[in-house]
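# Per-entry structural report
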Amino acid sequence: MQRALPSRSARIERAILKLIQHEGADQGHPRHVRWLLSFLKGVSKIFTGIVMLRAWLYRTGLASRFPLGCQVISVGNVTVGGTGKTPVVEILARTLKEEGRNVAILSRGYRKKEKKFLERLLSGDALSPPRVVSDGKRVLLDSELSGDEPFMLASNLPGVAVVVDKNRVKAGRYAIRHFGSDVLILDDGFQYMKLKHSHEIVLVDSTNPFGNGHLLPRGILREPAENIKRADFIFITKSDGNTDALRARLRSMNEKAEIAECRHRPRYYKNAFSSEILPLEAVNGMKVVTLSGIAAPMSFEKSVSKMGAKILSRERYPDHYRYKAQDIIDVINNADELKADAILTTEKDAVRLPRLEYPKVPIYYMRMDIEIIKGFDNFRQCVNRICMD
């Protein structure tokens, strides 16, 4: 079957990520790779200096931070890569809404479709209003225009507005003016210092907390790990409960922050093109084809196998790949030839699927959320403080 191949830049990015993502992954390589790593280390030192200068400018007030007159809750991390941020934003927004707050989520809209530079210049894009993915009543944009994560949040959070713009100050003012929002959740906001934050929630991936300890591009840190001292609340994500060493390390960097732990939990499978829902146990014994265009497809495929499904074919596409109708038709035809019972995909992939009527092999996506396994009372106290302020 014809497969979408990663671009050259995507292949280079993937190769470098393998070298820098985990501690020890950069050992035992040939000389030309060591030269590359030495070069990246030099660039990393320059980047570190820029990060520290920027933080100093905001800390001393030489760079302005804009208050918006309401609660601004930043949810972010100190590393690049997936820490499970989207489901944490979702559970926080849902809980605050249940407590009676008028919530809006502000997102940059990573990899959303952008106008070309000349179009932005001629249209005065800096002065144009932000993109409203959801006004709290209905979803107004697709995932291509909004970005995958904002679209998912908008779809799963009725009653919560989702606004996308690189300038989150502008987006926040828009949400307050047009939707009456009194709590703004700043998605991926730990490094976005232009907007003044009321509370800092930082996520730490228990499986790879700080990579190899280097900043970009030699490592995966966006800023020094010790800057986690700015956090008011720390979520340890992807936790298996055995986190004593990580907790001790976090406590050495931040003595005041409350800590909770969570893990991802599959809930059910939902048909990508209808309202049909399958319980997780329904896939036990099924013959399936998996479809994914995410950074780490192995984790998803492992979850499917653990549920008892027999994977006949693994269809992998580049991360954030925008599927064309023919791509999905090819996958369906392949699944049909293999006599598969279903095609299973992720929720992030489902939002990028072109609409198809009655595919001959059904496509289901795995609906995930998070389960707080330690520190639930700490989380509730955090929510209560936000609601009382």
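Located above this text is the structure these notes cover.
Attention in this report is confined to the structure presented alongside it. (Residues numbered from 1 in each chain as written. Predicted model: local features only at pLDDT ≥ 70, side-chain atom pairs only at ≥ 80, totals over all residues. Heavy atoms only, no water.)

What follows covers the environment of Lys-45. Checked against the element boundaries, Lys-45 lands in helix 2 (residues 31-60). For Lys-45, a relative accessible area of 60% puts it in the exposed group. (Helix = DSSP H or I, 4+ residues; strand = E, 2+ residues; numbered from the N terminus. Buried < 20%, exposed > 50% of the residue type's maximum accessible area, 1.4 Å probe, protein only.)

Moving on, we get to the pattern of salt bridges. One side chain can pair with another of opposite charge once the charged atoms of both are near each other. The full count for this structure, using the stated rule, is 25 salt bridges. Here Asp-232 ties to Lys-256 by a salt bridge, and the two come within 3.4 Å at their closest N and O atoms. Pair noted here: Asp-232 is in the loop between strand 6 (199-205) and strand 7 (233-237) and Lys-256 is in the loop between helix 8 (244-253) and strand 8 (258-271), with a separation of 24 residues, a long-range link. Assessed through its relative accessible area of 30%, Asp-232 is described here as partly exposed. Linking Glu-371 and Arg-263 is a salt bridge whose minimum nitrogen-to-oxygen distance equals 3.1 Å. One end of the pair, Glu-371, is in strand 13 (residues 363-374); the other, Arg-263, is in strand 8, and 108 residues separate them in sequence. (Salt bridge = Lys/Arg side-chain N within 4 Å of Asp/Glu carboxyl O.)

Strand 12 (residues 342-346) sits mainly inside the fold: five of its five residues count as buried. Of the two faces of strand 12, the one holding Ala-342, Leu-344 and Thr-346 and the one holding Ile-343 and Thr-345 are both buried throughout. Relative to strand 13, strand 12 runs parallel, the two sharing four bridges. Across the sheet, Thr-345 pairs through a bridge with Tyr-365, a residue of strand 13. (Pairing = 2+ DSSP bridges.)

Turning our attention to the packing of aromatic side chains. Taken as a whole and assessed by the stated rule, the structure comprises seven aromatic pairs. With a centroid separation of 5.8 Å and an interplanar angle of 50°, the aromatic rings of Phe-235 and Phe-379 are classed as tilted. Here Phe-235 is found in strand 7, whereas its partner Phe-379 is found in helix 12 (residues 376-388), with 144 residues between them in sequence. Overall, Phe-235 belongs to the buried group, its relative accessible area being 1%. Residue classification places Phe-379 among the buried residues on the basis of a relative accessible area of 3%. Aromatic pair Tyr-317 and Tyr-323: ring centres 5.2 Å apart, planes at 75°, arrangement edge-to-face. Judged by its relative accessible area of 5%, Tyr-317 falls in the buried class. Judged by its relative accessible area of 5%, Tyr-323 is buried. (Phe/Tyr/Trp six-rings, centres within 6.5 Å; stacked < 30°, edge-to-face > 60°.)

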